[in-house]
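What follows is each chain in one-letter form.
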Amino acid sequence: MDINGKRLALFDSLLSRGGLQKILDVAADILGNPLFVCDMGVNVVAKSDTPAVDDPAWSNDPSDHIAVIRSSAKSGDFAKMYATDEAFISSNPVSPHRYLASRVRDGGDVLGHVVVIEQSKTFDEEDVKTLPLVCQVIAFELRGRHDVSVDRVNYGTIVDDLVEGRSDSSELSQRMERIGVSLPPVMRIMVLDLVQPETLISPDYLRLQVLRAFPEGLAIARGPRIIHIFDGSADGREVEARLARFIYTDGLSIGLSWPFSDLADAPFAYAQADAAVRLGGSGNAGTIAGYDEVVAAHIAELLAEARPLRTVVHPKLLELEEFDKEHGTDHVRYLHAYLSSGRSVSAAADMLTTHKNSMYYRVGRLEEIMGVDLSDERTCFLLQLSLALQGYAGDS
C-alpha cells in the first residue's frame, strides 16, 4: 500500500465512527507493529488490539512504564518529540525494541504522542512518513470527543489565590467545599522547577506524578513550575524517598516550605518554598532543598528587599504564641530565656527568678507543646533567630 492508500485507510477509520480503538487497529495493520497513544500526562489513553506485546512500555505494571518514561526523559526524547511533528526512531536501554514516536497536535495545542513498538517488523522510511498521518487522524478524533487535555484541574484558581494571598481563609474553605476538594490539617508547599528543558516530559505529567507521590493535596502547573500543597506531617527524609520513587528529578530543582496549618499562612509558605528552590543548590537540576537550608540567605534577601520578615519566622514559634494566647500562658518567655542563656537550665532559672526544677519542667512542656527536640542545634538556632525577628529581647 502506497502513502496515499494508507492516508485513505486512516481517514476511512475516522469516518467509520469506530472511535480511537478503530484508528489504532487500522494504524497497527498499516505499520505492521503495535502502537499506543498517550496524553500529555503520559497516561496511556488507548492501545492497538495487538496480542502478546513484550515491552515495558506496553506493560500494565506502573513501575515498568515509569522506567521507560524516566529513561526517555533523560535521553531527551520527550523534548525532541514535542518540538516537531516529524516522527523519529529511538532506542531505550530498558526496552528490547526500538520505538517510533511522534506528537499529536491540534493547531497550537500538543495533545500527546503516539509510540510504535518495533516488535513484528523492522521500521522503514515509509513508517516514519506514515506515523504523522496517524497522529493527524488521532487529533481529529480527540477534537471531536473534546478529549484534548489531561485531568482537567477544577481548583487551579483556588491554589493561585491561596499562594498569592488574594482571598481570606473562610472564603477559600467555602470554595474548596463547593467543588469537593480539601487539604490536610498540617500542610507544606513544594515547588518543582523544570531547569533542564532537554529532559522535559511535560508539566502535566509531573503534576500527576507529584499527586501520585503525595495524594493528599492539590497541585497545579504554572508554566515550567509545579506548585503542590500537600500533607505536612511527612518529614524531610520521607518526602525525599517518595520523590525518588515516583519522580525523575534530574531535570528539576525542588524546594520545600516549613509546615503550616492556617490557610492564611499559605503565601508565606509559598515564599519559603520559592526561596528554597531558588537559593538551595543555586537552582541546579536534581537538588531538593528544605527551607531550613536557606533561611539565612533568605533573611538577607528579605532585608535587602524590605519584605515582611513574618515569612521566615519558624512555624513552631507561631504555634507557641498562639497557644499562649489561647491558654493565657507565657511559654514563649520561658523559651526565650532558655535559648538566650545558651540552653542552660540554671542560667534560665536565674534569669526568670524561678526554681531550677521548675525550669526543667518548663523545658519539658515546651518540647511537648511544640513537638520539637530542644537539644537539636539547628532547631534551637532557628527558634532563637525567629524570636529575635519577632522582637523578643532581654527577659521580656
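Values in this document were obtained by computation on a predicted structure and should not be read as measured data.

S.K.: Any chance you could break down the overall build of the chain for me, citing the residues and the numbers?
M.R.: Assigned secondary structure in the chain consists of 16 helices and ten strands. Relative to a compact globule of 396 residues, whose C-alpha radius of gyration would be 21 Å, the chain shows 27 Å and is clearly more extended. Seen along its three principal axes, the alpha-carbon backbone of the chain occupies a region of about 95 × 40 × 40 Å. A buried classification covers 50% of the 396 residues belonging to the chain. For the chain, contacts bridging at least 24 residues in sequence account for 63% of all contacts bridging at least 6. Carbon and sulfur atoms provide 50% of the accessible area of the chain, an area that totals close to 18,100 Å². Between the mean site of the 38 positive side-chain charges and the mean site of the 58 negative ones, the chain shows a separation of 2 Å.

S.K.: Account for unusual backbone geometry, naming residues and giving values.
M.R.: Phi is positive for Ala52, close to 50°, though the residue is something other than glycine. Structurally, Ala52 is set in the loop between β2 (44-47) and α3 (62-75). For Ala52, a relative accessible area of 74% puts it in the exposed group. A positive phi angle is found at Thr353, which is not glycine, with a value near 50°. Examined against the element boundaries, Thr353 turns out to sit in the loop between α14 (345-351) and α15 (356-370). Using a relative accessible area of 75% as the deciding quantity, one classes Thr353 as exposed.

S.K.: Tell me about the sheet that holds strand β8 (residues 225-231), and name the residues and values.
M.R.: With mixed pairing, the five strands of this open sheet are ordered in space as β7-β8-β6-β9-β10. Two strands close off the open sheet at either side, each with one partner strand: β7 (218-222) and β10 (287-290). For this sheet the average axis-to-axis angle between neighbouring strands, irrespective of direction, equals 15°. In this structure, β7 lies alongside β8, joined through five bridges in antiparallel fashion. Bridge assignment links Arg222 to a residue of β8, and that residue is Arg225. Against the sheet, helix α8 (residues 203-213) engages β6 (187-194), β7, β8 and β9 (252-256), with an angle of about 165° to β7.

S.K.: Let's hear about the environment of Ser182: which residues, and what values?
M.R.: Counting through the fold element by element, Ser182 comes out in the loop between α7 (169-179) and β6. Taking the relative accessible area as the measure of exposure, Ser182 reaches 55% and is therefore exposed. Sequence separation between Ser182 and Glu216 is 34 residues, and the spatial gap between their C-alpha atoms is 8.3 Å.

S.K.: Report on the pattern of salt bridges, specifying residues and quantitative values.
M.R.: Any two side chains of opposite charge can pair, on the condition that their charged atoms come close. The final tally for this structure, using the stated rule, is 19 salt bridges. With a closest N to O distance of 2.7 Å, Arg225 and Asp193 form a salt bridge. Of this pair, Arg225 sits in strand β8 while Asp193 sits in strand β6, and the two are 32 residues apart along the sequence. In this structure, Arg225 and Asp193 share a single accessibility class: buried. Across the pair Glu238 and Arg242 runs a salt bridge whose closest N-O atoms are separated by 2.6 Å. With Glu238 and Arg242 both in helix α9 (residues 236-246) and four residues apart, the pair spans about one turn of that helix.

S.K.: Quick rundown of the state of the cysteines? Include the residues and the values.
M.R.: Here the structure, examined in full by the defined rule, presents zero disulfides. Here Cys38 is not cross-linked by a disulfide; its sulfur's nearest cysteine counterpart is in Cys135, at 11 Å. A relative accessible area of 4% means that Cys135 is categorised as buried.

S.K.: Let's hear about the packing of aromatic side chains: which residues, and what values?
M.R.: Tallying each qualifying case throughout the model produces five aromatic pairs. An angle of 50° between the planes, with centres 4.9 Å apart, marks the rings of Phe214 and Phe230 as tilted. Linking Phe214 in the loop between α8 and β7 with Phe230 in strand β8, this pair joins segments that are 16 residues apart in sequence. Relative to Tyr291, the ring of Trp258 lies with its centre 4.9 Å away and its plane at 90°, an arrangement referred to as edge-to-face. Of this pair, Trp258 sits in the loop between β9 and α10 (266-279) while Tyr291 sits in the loop between β10 and α11 (295-305), and the two are 33 residues apart along the sequence. Against the face of Tyr334 rests Arg362, its NZ or CZ located 4.1 Å from the ring centre.

S.K.: Mind laying out the environment of Gln384, listing which residues take part and the relevant values?
M.R.: Inspection of the secondary structure assignment puts Gln384 in helix α16 (residues 377-389). Owing to a relative accessible area of 37%, Gln384 belongs among the partly exposed residues under this scheme. In the structure, Gln384 is positioned 167 residues away from Gly217 in sequence and 31 Å away in space, judged by C-alpha atoms. With near-sequence residues (within four places) excluded, Gln384 lies in contact with Leu339 and Ser340.

S.K.: Break down the side chain of Glu118 for me, with residues and values.
M.R.: Mapped onto the secondary structure, Glu118 falls in the loop between β5 (109-117) and α5 (125-145). Of the polar contacts made by the side chain of Glu118, one reaches the backbone nitrogen of Phe123; its length is 2.8 Å. Setting aside its immediate chain neighbours within four residues, Glu118 contacts Asn33, His97, Arg98 and Phe123.

S.K.: I'd like a rundown of the nonpolar core, residues and numbers included.
M.R.: The biggest cluster of nonpolar side chains holds 38 residues, and the ones touching the most others in it are Met190, Leu192, Val239 and Ile247. In this structure, Leu192 is in contact with Val210, Pro224, Arg225, Ile226, Ile247, Leu252, Ser253 and Ile254, ignoring residues within four places of it in sequence. Formed by 29 residues, the second largest nonpolar core is a distinct cluster that contains Val37, Val104, Cys135 and Leu142.

Reading the values: rules and limits
Residues numbered from 1 in each chain as written. Predicted model: local features only at pLDDT ≥ 70, side-chain atom pairs only at ≥ 80, totals over all residues. Heavy atoms only, no water. Helix = DSSP H or I, 4+ residues; strand = E, 2+ residues; numbered from the N terminus. Rg over C-alpha atoms; globule rule 2.2 N^0.38 Å. Buried < 20%, exposed > 50% of the residue type's maximum accessible area, 1.4 Å probe, protein only. Contact = heavy atoms within 4.5 Å. Areas by Shrake-Rupley, 256 points an atom, 1.4 Å probe, with all protein chains shown as cover. Lys, Arg positive; Asp, Glu negative; His and termini not counted. Charge placed at Lys NZ, Arg CZ, Asp CG, Glu CD. Pairing = 2+ DSSP bridges. Axes fitted to C-alpha atoms, helices over the stretch in contact; angles between N-to-C directions. Salt bridge = Lys/Arg side-chain N within 4 Å of Asp/Glu carboxyl O. Disulfide = S-S within 2.5 Å. Phe/Tyr/Trp six-rings, centres within 6.5 Å; stacked < 30°, edge-to-face > 60°. Lys NZ or Arg CZ within 6 Å of the ring centre and 35° of its normal. Polar contact = N/O pair within 3.5 Å; in protein donor to acceptor, adjacent residues only side chain to side chain. Core = buried A, V, L, I, M, F, W, Y, C linked by side-chain atoms within 4.5 Å.

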